[in-house]
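Secondary and tertiary structure notes
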Amino acid sequence: MIYTCPMHLEIQQDHPGLCPICGMTLEPKEATEAVDDSEYRDMLHRFWIGVILTIPLLILSASKMLPFLNLENIVSVPVSRWLQFIISTPIVLWCGWPFFEKAWYSLLNRSLNMFSLIALGVGAAYFYSAFALLFPDWFPDSFKERGELFIYFEAAAMITVLVILGQVLELKAKSQTSQAIKALLGRAAKTAHLLIDGQEREVSIDQVKVGDKLRVKPGEKIPVDGIVIEGSSFVDESMITGEPLPIEKKAKDGVTGSTMNQRGSFLMEATRVGSETLLARIVQMVSDAQRSRAPIQKLADVIAGYFVPIVVLVALLTFIIWGSIGPEPRFVFALVNAVAVLIIACPCALGLATPMSIMVGIGRGAEMGVLIKNSEALESLEKINTVMIDKTGTLTEGKPKIAQIIALDSWQENQLLAWAASVERNSEHPLAQAIVQGAKEQGIHIPEVEQFNSITGGGVTGIVAGKRVFVGKANLEENQIAGVAGLQARAKEAQEQAQTVIFVAIDGQAVGFIAVADPIKDSTPKAIDALHQLGIKVIMLTGDNEYTAKAVAKKLNIDEVHAGVNPKDKNILIQQLKNEKQIVAMAGDGINDAPALAAADVGIAMGTGTDVAMESAGVTLVKGDLTGIVRAITLSRATMRNIRQNLFFAFIYNMAGIPIAAGVLYPFIGLLLNPVIASAAMACSSVSVILNALRLKRVKV
């Protein structure tokens, strides 16, 4: 198993450990249902031990300031100091040991980080106090007040406990951000009914292989991805598509692993198992995306790289200035203020600002069926001002049906449909499938075809009963087809009704056409309006003719239309817009549109996540609904706004906190920042960033 740092993805190794850059614990790269919360439980254990020990420590240290707690008659001052030393030692050196370990690791790797500052601050307060107690004669009078040395055991202990509290809250929040992945993994089927020599046997899901025959019973989860080979049923695919209504599945239909079978029973053949199933690929995609780094993170990284050394320098200057010109006991003031600078400047909030928002945002998208490939795509979505949309399967349902058949001369509609279906039977195009399905529904015999040939972007040809049959666009074959002019008027009428016209010619003579209509999805008009409200220009691309394209565009209030385009044309159009400084998203079905999806600033694949969609697109909408684009853009804007808020909190906190901790207000209003207060403020800044990021779980999109 490969382990990586959630903040520095370039750090990868084959065993657990610490990141040499930031000191954080490395996490498994592969998503698993089993959650390793050992670090969280360890920190929580250290926190409660620290709290229990800190209570008597605070009572001892505060007894002088609070008359009702004056314990001098019971515990003398020397004994109290020794007790504070004894109690604080396990708090600092055991409870806080992970911070010292990570700080030492940062020194070895010459990469100072937040743990370096924590260890310096806590170590300075604790070890100074220990030496003051053990070797009081070593210190000059400038360290004393009324002949007595100050000690800061309670400060070192309180700082340690507060920092551990911040770590506990951070680890808990990270666990919550992975809930989307855990929920998906939890939906996976655990067992399958395997058929061997006609006998049914229940086996673990990891024993299923490609090609195995599996029985799926009523009320069971479908074990793996596959194809129905016998029987039928209705399947609840809401986990994948978000569609609440069950979908009928019969022989030759594909089924998706972990979706829920309803009342029927069927036999299926496994086509994808293990990590190749759609659910497994979705889980891994979300997991990788949550660990990816947004470009905006580079700003935080650059600042953090200079920040820690500068803070150490500021703390050193604070100590020197207070030790030189501060009031007596000046070295005590110098130490306290230097420690306060180190603690309050801990860049925990800065390090959490971007990753926390990215993890929550991408997890929220997964819950809504919006799979974001990486954080770069999430950040780019915010800037999108133009969306290019393929018509078939994106704006429309992608399930065209025959609307009308026009036949010339002695040809009958059924005969024309039979010969067209004969040639189209070898084509995978949705329009071809509509013609074949139409013939089957009417019970028409489909003759055999020979010498089948596909014309890219134009149609198909073949020999049927000794005659050459062409089915496709007339304008590409007009030199070989006679009689097209007599059909143009009726063809135009069909096209103006948003129907796609497919001409049929026999031996170069037009004999009629088949008009196919692809219904517009119910959600499309609302989605187009929502995109306009977001200030986004919508452009429709289609290989269909101009009349049909314009009819659809007018119906949907689309801004711009490009008809008769092929995949190469789409790439050219995208590049033209990018040259005009437009930020372009391309939405398509993820198969024919793969080159365009890759060329756009953000590719958005519609459908249930095919291999091409996963690879070519930055975003996959598993429901295949255009409203998913609106959700993705809204989520991106909310996430990036959240990141900027977090970075603002982190920067403002440090810009205001460091000067106050250094004591710049002391000459004016006599204000100094106690290291314990600095530690509490540092913890609060981290918590504020975490809570702000978690708000994304409730964002309305």
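Structural notes, computed from the coordinates.

Criteria and cut-off values
Residues numbered from 1 in each chain as written. Predicted model: local features only at pLDDT ≥ 70, side-chain atom pairs only at ≥ 80, totals over all residues. Heavy atoms only, no water. Helix = DSSP H or I, 4+ residues; strand = E, 2+ residues; numbered from the N terminus. Polar contact = N/O pair within 3.5 Å; in protein donor to acceptor, adjacent residues only side chain to side chain. Expected span 1.5 Å × (residues − 1). Buried < 20%, exposed > 50% of the residue type's maximum accessible area, 1.4 Å probe, protein only. Pairing = 2+ DSSP bridges. Axes fitted to C-alpha atoms, helices over the stretch in contact; angles between N-to-C directions. Phe/Tyr/Trp six-rings, centres within 6.5 Å; stacked < 30°, edge-to-face > 60°. Lys NZ or Arg CZ within 6 Å of the ring centre and 35° of its normal. Contact = heavy atoms within 4.5 Å. Salt bridge = Lys/Arg side-chain N within 4 Å of Asp/Glu carboxyl O.

Now for the side chain of Thr-89. Of note, Thr-89 is situated in helix α2 (residues 77-95). Among the polar contacts listed, one links the side chain of Thr-89 to the backbone oxygen of Phe-85, at a separation of 2.6 Å. Only 2.7 Å separates the side chain of Thr-89 from the side chain of Tyr-126, close enough to count as a polar contact.

Here the focus is helix α4 (residues 114-134). The end-to-end C-alpha separation of α4 is 30 Å, in line with the 30 Å expected for 21 residues at 1.5 Å each. Counting buried positions along α4 gives 16 out of 21 residues, so the element sits mostly inside the fold.

Attention now goes to the sheet that holds strand β9 (residues 225-231). Taken together, the six strands give an open sheet; going across it, the order is β7-β6-β8-β14-β9-β12, and neighbouring strands pair in antiparallel fashion. If you trace the sheet from one side to the other, it starts and ends with β7 (199-204) and β12 (254-255), each paired once. Where strand β8 (residues 213-216) and strand β14 (residues 266-272) come together, four bridges link them in antiparallel fashion. Looking at the pairing, Lys-213 lines up with Glu-269 of β14.

Moving on: the sheet that holds strand β19 (residues 459-464). Across a sheet, strands are paired by hydrogen bonds formed along the backbone, either parallel or antiparallel in direction. The six strands lie next to each other as β17-β22-β21-β20-β19-β18, forming an open sheet whose pairing is antiparallel. The strands lining the two open edges of the sheet, one partner per strand, are β17 (401-407) and β18 (450-455). The average undirected angle you get between the axes of adjacent strands in this sheet is 20°. As paired strands, β19 and strand β20 (residues 467-472) are joined by six bridges and run antiparallel to one another.

Here the focus is the packing of aromatic side chains. On inspection of all chains with the given rule, the structure shows 14 aromatic pairs. With centroids separated by 5.6 Å and ring planes inclined at 50°, the aromatic side chains of Phe-85 and Phe-153 adopt a geometry described as tilted. Within this pair, whereas Phe-85 is found in helix α2, its partner Phe-153 is found in helix α5 (residues 153-177), the two being separated by 68 residues in sequence. Stacked on the ring of Trp-94, the Lys or Arg Arg-46 has its end atom at 4.7 Å from the ring centre.

With 15 residues, helix α10 (residues 330-344) ought to run about 21 Å at 1.5 Å a step, and its terminal C-alpha atoms sit 21 Å apart, in line with that. Counting buried positions along α10 yields 12 of 15 residues, so the element is predominantly enclosed. Every buried residue of α10 is accounted for by Val-332, Ala-334, Leu-335, Val-336, Asn-337, Ala-338, Val-339, Ala-340, Val-341, Leu-342, Ile-343 and Ile-344.

A few words now on the side chain of Thr-386. Its place among the elements puts Thr-386 in strand β16 (residues 386-390). Setting aside its immediate chain neighbours within four residues, Thr-386 contacts Ile-536, Lys-537, Ile-539, Leu-577, Gln-582, Ile-583, Val-584 and Ala-585.

Let's shift gears to the pairing of β8. Burial along β8 is one-sided: the residues Leu-214 and Val-216 are buried and none of Lys-213 and Arg-215 is. In this sheet, β8 lies alongside strand β6 (residues 191-196) in antiparallel orientation, the contact comprising two bridges. Each residue of the ladder has a partner; that of Leu-194, found in β8, is Leu-214.

This part takes up unusual backbone geometry. At Asp-197, a position not held by glycine, the phi torsion is positive, near 55°. Within the element layout of this structure, Asp-197 appears in the loop between β6 and β7. Here the phi dihedral of Ser-258 falls at roughly 80°; this positive angle occurs in a residue that is not glycine. By the secondary structure assignment, Ser-258 is in the loop between β12 and β13 (260-261).

Moving on: the pattern of salt bridges. Applying the stated criterion across every chain, the model contains 11 salt bridges. Among the salt bridges present, the one from Lys-537 reaches Glu-560, with a minimum N-O distance of 2.8 Å. On the criterion of sequence distance, the pair formed by Lys-537 in strand β23 (residues 537-541) and Glu-560 in strand β24 (residues 560-562) is long-range, its members being 23 residues apart.

Attention shifts here to the environment of Val-341. Among the secondary structure elements, Val-341 is positioned in helix α10. Each C-alpha atom, one on Val-341 and one on Asn-654, is 9.7 Å from the other, the two residues being 313 residues apart in sequence. Residue contacts for Val-341: discarding those within four places in its chain leaves Val-311, Val-314, Ala-315, Thr-318, Ile-658, Ala-661 and Ala-662.

These results come straight from atomic positions and should not be treated as a statement about function.
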